[in-house]
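Residue-level listing of the chains:
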Amino acid sequence: MRVTGTVRAPGDKSITHRALLLAALARGTSHVGGALTSLDARSSARVLRQMGAEISPLRDGEVLTVRGRGRFRRPDRILHCGNSGTTTRLLLGLLAGHRFRATLTGDASLRRRPMRRVTVPLAEMGARFEESGGDGLPLSIRGGPLRPLRYAMPVSSAQIKSALLLAGVVGGVPVDLLEPSGRSRDHTERMLRAFGFDVGERDGWIEFRPGGRVEPFDVQVPGDPSSAAFLVGAAVLAEAGALRIAGVGVNPTRTGFLRVLERMGAAVAVEAPDTSFGEPVADLIARPAPLRHTEVVAAEIPGLIDEIPMLAALASRAAGETVFRDVGELRVKESDRLGLIADNIRAIGGRADARDDDLYVEGVEAPPRGTVRTAGDHRIAMAFAVLGTLPGARVAVDDMACAAVSFPGFPETLRGIAARGRA
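The structure contained in this document is the topic of the report that follows. Here the structure is a predicted model, which is why all the values come from computation and not from measurement.

For the rest of this paragraph, the subject is the nonpolar core. One finds Ile245, Leu284, Ile308, Phe324, Leu359 and Phe410 to be the most contacted residues of the largest nonpolar core, which totals 70 residues. Broken down by element, the residue count for this core peaks at nine residues, all from helix α8 (residues 225-237). Judged by nonpolar contacts, the second largest core, of 69 residues, contains Ile15, Met51, Phe208 and Phe217.

What follows is the structure, encoded as structure tokens:
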């Protein structure tokens, strides 16, 4: 395959979620350009509408209008969060400061994901919870006046961190947080600073202090680097050409995968830098490259957790054995992502093994051939679809439709890259 031309990744999923939540919390009308229109983003919009926000339909190419009420209204039915862990956990943080009872649920995959990592510290702040199915959904929360929190997080997680910071916003209380192993993505901190909140760092602790105000705003959402990673991967595996992915968010807490790729021999150029609502944006230019093995250490994982499926897929084509250290968090993503990566690499003729919390992937030269089981995991589907672009590959993905969770139209975009290259 030869790659050429310019493409755009969908709007950043993390920023879209946060923009929707904060716009719904503001009193007045906000405008969100470039918002992701995926299933996860629609889940956030749906539950916010149930609590009084007026949100225009999410359509590609249209500016999203959000009219907030300043506070949420008590929902009259269960809040269904679909497959979106971000929607669920960040919403729990905001609901913690509202004096009403709400029940959250989700699809089968989301109901299996752990929620106590968020509800335990929120309970320390004063929120009350009722569990229906153990450490997961359905889950009921009753919010109210909140207490300050100083909390050492069990894992480095942007979802946990953001939920607790947002609780500090609605509760008007200080929140101090310590991440144990590397800094997770910091979109929430950047957005809160834009609203005048004091969010700093001292001795490794993130320190939030109330005093800002969430006001209506206008924002242009950059392209999602996690989605762009699959397009970069396809270009790196191509036989010739170069692919420009325009307007991608290059927040340093989101671009760890580019540093890993550079160690593997694929230097992705970053051009045309800009900023949007405090977020750095640039074009990525990816070219084919022979790949070599590397080791991804524990401190790097929080900054590239969503890109591991793509990096593992690329490692299956690299010379030597690549090791991903301390990636046990992948077992509680949309699926047992760690087990699925190893199983599927083996299913298409590769070599991989998940041992305890580490993942080992050895590169092979034979074309990948076999059937991939996604368990409904969008990132598994897209990573292995990229391997299907290799010469001689015959990779069947059992559920390509699940890619719409984060990248609507991904199969068409991937085919379009190849089609332009053949023209």
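Moving on from the coordinates now.
The next subject is the side chain of serine 30. Structurally, the position occupied by serine 30 is in strand β3 (residues 27-33). Within polar-contact distance, the side chain of serine 30 engages the backbone nitrogen of phenylalanine 217 at 3.0 Å.

Every buried residue of helix α9 (residues 256-264) is listed here: Gly256, Phe257, Leu258, Val260, Leu261 and Met264. On its buried face, α9 is in contact with α8, β17 (269-276), β18 (279-286), β19 (295-296), α10 (308-315) and β20 (321-324). Downstream of α9 by one or two residues, glycine 265 has phi in the positive range, about 110 degrees.

The element helix α12 (residues 378-387) is largely enclosed, with a buried count of ten among its ten residues. Here α12 has its buried residues at His378, Arg379, Ile380, Ala381, Met382, Ala383, Phe384, Ala385, Val386 and Leu387. Residue aspartate 377 occupies the N-cap position of α12, its side-chain oxygen lying 3.0 Å from the main-chain nitrogen of arginine 379.

This paragraph deals with the pairing of strand β9 (residues 139-142). Bridging between strand β7 (residues 101-105) and β9 involves four bridges; their strand directions are antiparallel. Its bridge partner being in β9, leucine 104 is matched across the sheet by leucine 139. The pairing of strand β8 (residues 128-131) with β9 spans four bridges and is classified as antiparallel. Pairing of glutamate 130 across the sheet is with serine 140, part of β9.

Strand order in this open sheet of four strands is β19-β20-β22-β21, and the pairing throughout is mixed. Edge positions in the sheet fall to β19 and β21 (351-355), since each of these pairs with one other strand and no more. With five bridges joining them, β21 and strand β22 (residues 358-362) adopt antiparallel strand pairing. Bridge pairing links alanine 352 to valine 361 in β22. In this fold α10 packs onto β20 and β22, with an angle of close to 165 degrees to the strand it touches most, β20.

Bringing the packing of aromatic side chains into the picture now. What describes a pair of aromatic rings is the distance from one ring centre to the other and the angle between the planes of the rings. As enumerated under the stated definition, the model contains four aromatic pairs in all. With 6.1 Å between their ring centres and 70 degrees between their planes, phenylalanine 230 and phenylalanine 410 make a pair best called edge-to-face. A residue pair is termed long-range when its members are at least 10 positions apart, and phenylalanine 230 in helix α8 and phenylalanine 410 in helix α13 (residues 410-422) qualify at 180 residues. Per residue, the accessibility class of phenylalanine 230 equals that of phenylalanine 410, and both read buried. An angle of 65 degrees between the planes, with centres 5.1 Å apart, marks the rings of phenylalanine 407 and phenylalanine 410 as edge-to-face. Of the two residues examined, phenylalanine 407 and phenylalanine 410, each falls in the buried class.

Looking now at the pattern of salt bridges. Taken as a whole, this structure holds 30 salt bridges when the rule is applied. In this structure, arginine 263 and glutamate 300 form a salt bridge, with 2.9 Å as the shortest nitrogen-oxygen distance. With a gap of 37 residues between them, arginine 263 in helix α9 and glutamate 300 in the loop between β19 and α10 connect regions that are remote in the sequence. Note on arginine 263: relative accessible area 31%, which makes it partly exposed. The network of salt bridges with shared partners includes Lys161, Glu179, Arg183, Glu189 and Glu201.

Below, the discussion takes up empty space enclosed by the protein. Taken as a whole and judged by the stated rule, the model has two cavities of 30 Å³ or more. Its volume calculated, the largest cavity comes out at about 50 Å³. As for the largest cavity, its lining consists of Ser316, Arg317, Ile345, Ile348, Gly349, Gly350, Val364, Pro368 and Leu387. Classifying every residue of the lining of the largest cavity gives five nonpolar, three polar and one charged. Along the walls of the second largest cavity sit Ala229, Val232, Gly233, Phe257, Leu261, Glu307, Met310, Leu311 and Leu314, which together make up its complete lining. Sorting the residues of the lining of the second largest cavity by element identifies α8, α9 and α10 as the ones contributing at least two each. Looking at side-chain class alone, the lining of the second largest cavity contains seven nonpolar, one polar and one charged residues.

So, on to the layout of surface pockets. Taken as a whole, the second largest pocket encloses approximately 420 Å³ of empty space. The element contributing the most residues to the lining of the second largest pocket is β17, with three residues. Taken together, the residues of the lining of the second largest pocket break down into ten nonpolar, nine polar and five charged.

How each quantity is defined
Per chain, residues are indexed from 1 in the order of the written sequence. Only residues with pLDDT of 70 or above have their local features reported here, since the model is predicted, and side-chain atom pairs are shown and tallied only from 80 upward, although totals for entire chains, interfaces and linings are computed over all residues. Water and hydrogen atoms play no part in the side-chain values, which are based on all heavy atoms of the structure. Definition of nonpolar core: a set of buried residues of the types Ala, Val, Leu, Ile, Met, Phe, Trp, Tyr and Cys, connected through side-chain atoms within 4.5 Å. Here the term buried applies to any residue with accessible area under 20% of the maximum for its type, exposed to any over 50%, and partly exposed to those in between, with areas from a 1.4 Å probe on protein chains only. For helices the rule is a DSSP run of H or I covering at least 4 residues; for strands it is a run of E covering at least 2, with both sets numbered from the N terminus onward. Whenever two N or O atoms come within 3.5 Å, that pair is a polar contact, provided that in protein one can donate a hydrogen and the other can accept it, and provided that, for residues adjacent in sequence, both atoms are side-chain atoms. Working rule for contacts: check all heavy atoms of both residues, and any pair within 4.5 Å makes them a contact. Two strands are counted as paired when DSSP detects at least two bridges linking them. Simply put, an axis is a line fit to the C-alpha atoms, just over the touching stretch for a helix, and the angle between two N-to-C directions goes from 0 to 180 degrees. Only Phe, Tyr and Trp rings take part, Trp by its six-membered ring, and two of them pair if their centres are within 6.5 Å. Stacked means planes under 30 degrees apart, edge-to-face means over 60, and tilted covers everything else. The term salt bridge refers to a pairing of a side-chain nitrogen on Lys or Arg with a carboxyl oxygen on Asp or Glu at a separation within 4 Å. Points on a 1 Å grid over protein atoms alone make up a cavity when a 1.4 Å probe fits among them but cannot get out, and a pocket when they form an open set with protein on both sides within 12 Å along at least five of seven lines; lining residues each have an atom within 4 Å of a point. Grid points are joined across faces, edges and corners, and a volume is the space filled by probe spheres set on the points. In this count, Pro and Cys sit with the nonpolar residues alongside Ala, Val, Leu, Ile, Met, Phe, Trp and Tyr, while Asp, Glu, Lys and Arg are called charged and the others, Gly among them, polar.

This is a description of form; function is not addressed.
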